[in-house]
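Spelled out, the chains give:
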Amino acid sequence: MNLFSMKNIFQFRQQIKHLKSLFDARTYLNFIAVVEGMIKLREWKQADLALLGDKTLRQIQYFFSNACWSAKKLNEFRLRFLRNKSDFRDRKTDFVVADGSVLEKDKDASFSFLTEKVYSNLEKKVVNGIKLFGASVHTKQGVKYVFDFFLYFKAKWNSEWEAWKHFLWLVAEKTSAWIFVFDRGFKNQYLLKYVYTVLKRTFLIRISPSQHVYILSPKKAKKRKHTPKYSIPDRISKRIDSFLDEGSAISLKNGKLCFMSGVIVRSWVGEFREEVSIIVLHRNGFKKPMVLCVSIAKISLEEAIQYLQIYFRRWGIEELFKELKSWFCFEKFKTIALESIEKYLAMVIFVHSLLSQSKEETEYIPELREVIGI
């Protein structure tokens with residue numbers, strides 16, 4: 001996302017004047033200074049903000065640590081502010097992308113009571129940091145925006161999946177979006193069941209091509225002396241990537257595509273036995289195919305392509321984390337209280353949303369038919 005012309009944001013004071021009710025007079029002035037500083041600088045530091053707003057470092061630090069305002073209320077206002085714009089209004093045709101990111105803390109800083117040892121997929125190792133859960137909304141027209149966020153700490157939850165359930169429930173309460181999109185890190189069958197049965201939403205998730213699924217057997221299966229614990233009558237187990245070698249696979253200019261409806265994922269049957277559809281895309285030059293699972297029992301080829309396109313558009317949440325870490329230097333915060341970190345994050349996302357809506361950011365995705373050569 002490129003910064004748009006500054007002449008388009010000179011009215012932001014009027015746009016956020018209703019926030020005065022959240023702050024005392026002194027804090028509101030600090031708030032204005034901080035927002036102005038964030039907008040003007042793509043990579044800013046507290047010292048820069050102090051100079052821009054004629055504030056001392058102590059005052060800037062105070063703003064995030066002890067000021068009497070609520071990060072939750074600011075985030076609620078941000079969402080209302082966005083949804084007053086026609087392009088950002090809540091619609092059932094929207095889809096939600098959920099993802100997690102590790103915010104690694106500076107190694108020379110001591111934040112032992114806030115940070116913890118967490119595994120970073122990017123670094124491929126355990127680092128000292130904080131785990132951020134994020135959800136973005138993508139509209140049918142291509143508009144995307146940060147929807148909600150959540151800081152996860154192990155000490156507060158029985159498991160990470162319990163925290164994800166809580167966060168997704170909060171997200172589902174605020175949006176009518178019909179489908180939740182997950183990367184392959186979300187392979188917990190209990191979480192997927194929760195999305196499908198409790199939240200009543202469709203899920204689209206990337207899974208491993210080495211997974212097995214149960215398909216209807218063309219012949220009546222013979223009775224076995226020792227029936228597997230999770231066997232399903234009249235179904236046989238097949239490895240997903242083996243379907244590419246069958247005649248049903250569609251040859252493309254750049255690879256192969258196939259999809260299967262009415263299957264059951266074998267590794268989920270202990271908890272989730274609903275019929276789903278599997279979409280397999282193997283591009284030429286790639287070692288492994290990409291496999292998507294959608295919680296709909298029957299789909300057509302056209303629908304399979306649409307789900308592929310939805311998944312390809314999920315990168316918006318990845319861009320959010322990149323912007324948080326680089327543009328807003330989120331990993332370089334110096335505040336030492338959880339409340340101040342949450343306020344800082346709320347402010348960063350507020351400014352990110354302000355920039356997004358003002359430039360009416362629209363993502364133009366090329367037709368998938370052109371991309372994969374159908």
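I will try to describe carefully the structure that is included in this document. (Residues numbered from 1 in each chain as written. Predicted model: local features only at pLDDT ≥ 70, side-chain atom pairs only at ≥ 80, totals over all residues. Heavy atoms only, no water.)

1. Focus on the packing of helix 6 (residues 160–174) against helix 7 (residues 189–198)
1) Next: Helix 7 packs onto helix 6 with a crossing angle of 20° between their chain directions and a minimal axis gap of 10 Å. Compared by their axis directions, helix 6 and helix 7 come out roughly parallel. As for the relative orientation of helix 6 and helix 7, their crossing is right-handed in sense. Between helix 6 and helix 7, the contacting residues are W161, W164, K165, L168 and W169 on the first element and L191, Y194 and V195 on the second. (Axes fitted to C-alpha atoms, helices over the stretch in contact; angles between N-to-C directions. Helix = DSSP H or I, 4+ residues; strand = E, 2+ residues; numbered from the N terminus. Parallel < 35°, antiparallel > 145°, perpendicular 65-115°, else oblique. Left-handed = near helix turned anticlockwise from the far one by under 90°. Contact = heavy atoms within 4.5 Å.)

2. A short note on the side chain of K131
1) Next: By the element assignment, K131 lies in strand 3 (residues 125–138).
2) Next: Classification of K131 as buried rests on a relative accessible area of 14%.
3) Next: For K131, the side chain forms a polar contact with the side chain of E160, separated by 3.4 Å.
4) Next: Aside from chain neighbours lying at most four places away, what touches K131 is S101, V102, Y119, F150, L151, Y152 and E160. (Buried < 20%, exposed > 50% of the residue type's maximum accessible area, 1.4 Å probe, protein only. Polar contact = N/O pair within 3.5 Å; in protein donor to acceptor, adjacent residues only side chain to side chain.)

3. Here's the deal with helix 8 (residues 301–312)
1) Next: When the terminal C-alpha atoms of helix 8 are compared, their 17 Å separation across 12 residues agrees well with the 16 Å that a helix rising 1.5 Å per residue should span.
2) Next: For helix 8, the complete set of buried residues consists of A304, I305, Y307, L308, Q309, I310 and Y311. (Expected span 1.5 Å × (residues − 1).)

4. Some details on the side chain of R83
1) Next: Along the polypeptide, R83 turns up in helix 5 (residues 71–83).
2) Next: Contacts of R83, omitting those with residues within four sequence positions, involve F88, R89, D90, Y145, F147, K174 and T175.

5. Let's talk about a positive patch on the surface
1) Next: Together, K124, R184, K287 and K288 make up a region of like positive charge exposed at the surface.
2) Next: Position of K288 relative to the elements: it lies in the loop between strand 11 (276–283) and strand 12 (290–294). (Patch = residues over 30% accessible without salt bridge, like charges linked within 9 Å, V, L, I, M, F, W, Y side chains within 5 Å. Areas by Shrake-Rupley, 256 points an atom, 1.4 Å probe, with all protein chains shown as cover. Salt bridge = Lys/Arg side-chain N within 4 Å of Asp/Glu carboxyl O. Lys, Arg positive; Asp, Glu negative; His and termini not counted. Charge placed at Lys NZ, Arg CZ, Asp CG, Glu CD.)

6. As for the environment of Y344
1) Next: With respect to the helices, strands and loops of the structure, Y344 is situated in helix 10 (residues 338–358).
2) Next: Taking relative accessible area as the criterion, Y344 reaches 6% and is therefore assigned buried.

7. What to know about the nonpolar core
1) Next: If you look at the biggest cluster of nonpolar residues, it comprises 48 residues, and the most contacted ones within it are L168, F182 and I278.
2) Next: Here this core takes 6 residues from helix 6, the largest share from any one element.
3) Next: With 34 residues, the next largest nonpolar core counts Y28, V34, I341 and F350 among its residues. (Core = buried A, V, L, I, M, F, W, Y, C linked by side-chain atoms within 4.5 Å.)

8. Looking at the pairing of strand 10 (residues 255–265)
1) Next: Burial of strand 10 is extensive: 8 of the 11 residues sit out of reach of the surface.
2) Next: Alignment of strand 7 (residues 212–216) against strand 10, held across 2 bridges, turns out to be antiparallel. Within strand 10, the position partnered with V213 by the bridge is V265.
3) Next: Pairing of strand 9 (residues 250–252) with strand 10, which is carried by 3 bridges, proceeds in the antiparallel orientation. For S251, the partnering residue across the bridge sits in strand 10 and is K256.
4) Next: Two elements, strand 10 and strand 11, share 7 bridges in a ladder whose sense is antiparallel. Counted as the bridge partner of G255 is R283 from strand 11. (Pairing = 2+ DSSP bridges.)

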